[in-house]
Amino acid sequence: MLNIIKRYLILIIMFAKNSLAAQLEYRVNFILGMAVEAGFLVVKLTYVILIYKTGVNINGMSPDYMLVFIGTYTIMTGIYMSFYTNFWNLTNYIREGTLDLYLTKPVSGLFLVTFRYIDFATPIPAVTAGFIMLGIGWNRCGFDFNILNIGIFIGCLAIGTVLTYSIFLMPRLLGFWTMSTGGIAQISDSVWDFNNMPMKIYNKIIQDIGCYIFPVFLITNVPGLIVGGHISKTLLIWYFMAPVIMFNLCAIMWKMGIRRYSSASS
């Protein structure tokens with residue numbers, strides 16, 4: 001198992017190097033991509049400015065505490081966008097039959113399809129701004145800045161990445177059954193923006209749906225709740241179960257889809 005993990009980590013590093021080299025060949029496009037993302041971040045910062053100007057407290061959460069959630073959301077957005085292009089291309093691979101090229105390789109086809117291209121232009125500004133907001137909120141909330149809390153938060157980012165990958169890949173896998181997945185994918189992408197603010201601002205029904213049915217709230221809310229010591233045991237247990245369940249659902253959908261897949265030759 002360790003050898004397999006090492007093998008795939010080496011492949012991801014190779015993909016990242018190749019992708020970065022390819023993007024830097026067109027440096028103007030790379031810089032423009034970063035500039036566009038920086039523009040989006042400025043718009044998002046209006047939420048932060050509004051929160052601090054009004055000084056609003058929502059369900060006991062201060063503006064500083066909410067900044068921790070917004071910073072986490074921004075970091076996870078950058079991570080998500082690093083492999084988002086692969087999700088977008090999946091339907092084209094299925095429709096055009098080019099998926100054949102990935103299925104014949106001596107590694108997981110799902111892995112190749114979803115990590116072959118890694119974007120850097122969008123994640124760099126998002127992750128940088130996210131950590132800045134997180135650091136400011138963390139410090140103003142008085143959270144302990146120690147190895148334990150840092151380790152917990154990094155672990156939460158890893159869990160959130162697995163959840164993000166699994167939850168938002170499933171709508172794309174529907175391309176094996178229908179060629180028109182754009183509407184479904186756009187709806188699922190729109191759901192991502194619900195994480196722009198802490199889930200506590202929503203009513204309990206929406207919170208339960210976002211935690212236990214379509215667990216998108218777990219991605220960006222739980223890290224702040226754990227560090228702040230405001231998470232229930234039930235939610236914490238589900239937080240560790242959800243990535244395993246969602247990832248396995250993705251694997252099952254992929255295997256079922258491959259059985260239905262008609263290659264270019266057929």
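All of the points below concern the structure found in this document. This one's a predicted model, so the numbers in the text were calculated from it and none came from an experiment.

## Some words on the overall build of the chain
Thought 1: For the chain, the helix and strand inventory stands at eleven helices and zero strands.
Thought 2: When its helices and strands are written in sequence order, the chain yields α-α-α-α-α-α-α-α-α-α-α.
Thought 3: Against the 2.2 N^0.38 benchmark of 18 Å for 266 residues, the chain shows a C-alpha radius of gyration of 19 Å, consistent with a compact globule.
Thought 4: The C-alpha extent of the chain, read off along each of the three principal axes, is 60 × 45 × 40 Å.
Thought 5: Partitioning the contacts of the chain with sequence separation of at least 6, the portion at a separation of at least 24 is 76%.
Thought 6: For the chain, the computed accessible surface area is about 14,000 Å², with 69% contributed by carbon and sulfur atoms.
Thought 7: Put simply, the chain has 17 plus and 10 minus side-chain charges, and the middle of one group is 7 Å from the middle of the other.

## A few points about the packing of helix α3 (residues 63-96) against helix α10 (residues 217-228)
Thought 1: Contact geometry for α3 and α10: axes closest at 8 Å, N-to-C directions at 140°. Taken together, the axes of α3 and α10 lie oblique to each other. Crossing hand, α3 versus α10: right-handed. On the side of α3, the interface is formed by Tyr65, Val68, Phe69, Thr72, Tyr73 and Met76, while α10 contributes Ile219, Thr220, Asn221, Pro223, Gly224, Leu225 and Gly228.
Thought 2: Looking at the contact of α3 with α10 residue by residue, the classes come out as eight nonpolar, five polar and no charged.

## Thoughts on the side chain of aspartate 119
Thought 1: Its location among the elements puts aspartate 119 in the loop between α5 (109-115) and α6 (123-141).
Thought 2: Classification of aspartate 119 by relative accessible area gives buried; the value is 13%.
Thought 3: Within the structure, aspartate 119 has its side chain in polar contact with the side chain of threonine 122 (distance 3.3 Å).
Thought 4: Residues within four places of aspartate 119 in sequence aside, it is in contact with Gln23, Met81 and Ser82.

## Considering α6
Thought 1: A rise of 1.5 Å per residue sets the reference length of α6, with its 19 residues, at 27 Å; its end C-alpha atoms lie 26 Å apart and thus fit the reference within 8%.
Thought 2: On its buried face, α6 sits against α2 (27-54), α3, α7 (147-173) and α10.
Thought 3: Positive backbone phi, approximately 80°, marks glycine 142, located one or two places after α6.

## Let's talk about a nonpolar patch on the surface
Thought 1: Residues Trp177, Ile237, Met241, Ile245, Leu249, Ile252 and Met256 make up a contiguous nonpolar surface patch of roughly 620 Å² in combined accessible area.
Thought 2: Relative to the helices and strands, methionine 256 is located in helix α11 (residues 233-260).

## Describing the state of the cysteines
Thought 1: Summed over all chains, the structure comprises zero disulfides.
Thought 2: Not engaged in a disulfide, the cysteine cysteine 156 finds its nearest cysteine sulfur in cysteine 211; these two sulfurs lie 14 Å apart.
Thought 3: What makes cysteine 156 buried here is its relative accessible area of 3%.

## Overview of the nonpolar core
In globular proteins that are soluble, nonpolar side chains generally tend to be buried together.
Thought 1: Within the largest apolar cluster, 70 residues are counted, with the highest numbers of intra-cluster contacts made by Leu99 and Leu218.
Thought 2: Take this core: its biggest share by element is 16 residues, from α3.
Thought 3: If we skip the residues at most four places from it in the chain, leucine 218 touches Leu163, Gly210, Cys211, Pro223, Leu235, Trp238, Tyr239 and Ala242.

## Examining the environment of threonine 128
Thought 1: The residue threonine 128 is located in helix α6 in this model.
Thought 2: Considered as a pair, threonine 128 and valine 162 are 34 residues apart in the sequence and their alpha carbons are 21 Å apart.

So, how was this worked out
- Residues numbered from 1 in each chain as written.
- Predicted model: local features only at pLDDT ≥ 70, side-chain atom pairs only at ≥ 80, totals over all residues.
- Heavy atoms only, no water.
- Helix = DSSP H or I, 4+ residues; strand = E, 2+ residues; numbered from the N terminus.
- Rg over C-alpha atoms; globule rule 2.2 N^0.38 Å.
- Contact = heavy atoms within 4.5 Å.
- Areas by Shrake-Rupley, 256 points an atom, 1.4 Å probe, with all protein chains shown as cover.
- Lys, Arg positive; Asp, Glu negative; His and termini not counted.
- Charge placed at Lys NZ, Arg CZ, Asp CG, Glu CD.
- Axes fitted to C-alpha atoms, helices over the stretch in contact; angles between N-to-C directions.
- Parallel < 35°, antiparallel > 145°, perpendicular 65-115°, else oblique.
- Left-handed = near helix turned anticlockwise from the far one by under 90°.
- Nonpolar A, V, L, I, M, F, W, Y, C, P; charged D, E, K, R; others polar.
- Buried < 20%, exposed > 50% of the residue type's maximum accessible area, 1.4 Å probe, protein only.
- Polar contact = N/O pair within 3.5 Å; in protein donor to acceptor, adjacent residues only side chain to side chain.
- Expected span 1.5 Å × (residues − 1).
- Patch = residues over 30% accessible without salt bridge, like charges linked within 9 Å, V, L, I, M, F, W, Y side chains within 5 Å.
- Salt bridge = Lys/Arg side-chain N within 4 Å of Asp/Glu carboxyl O.
- Disulfide = S-S within 2.5 Å.
- Core = buried A, V, L, I, M, F, W, Y, C linked by side-chain atoms within 4.5 Å.

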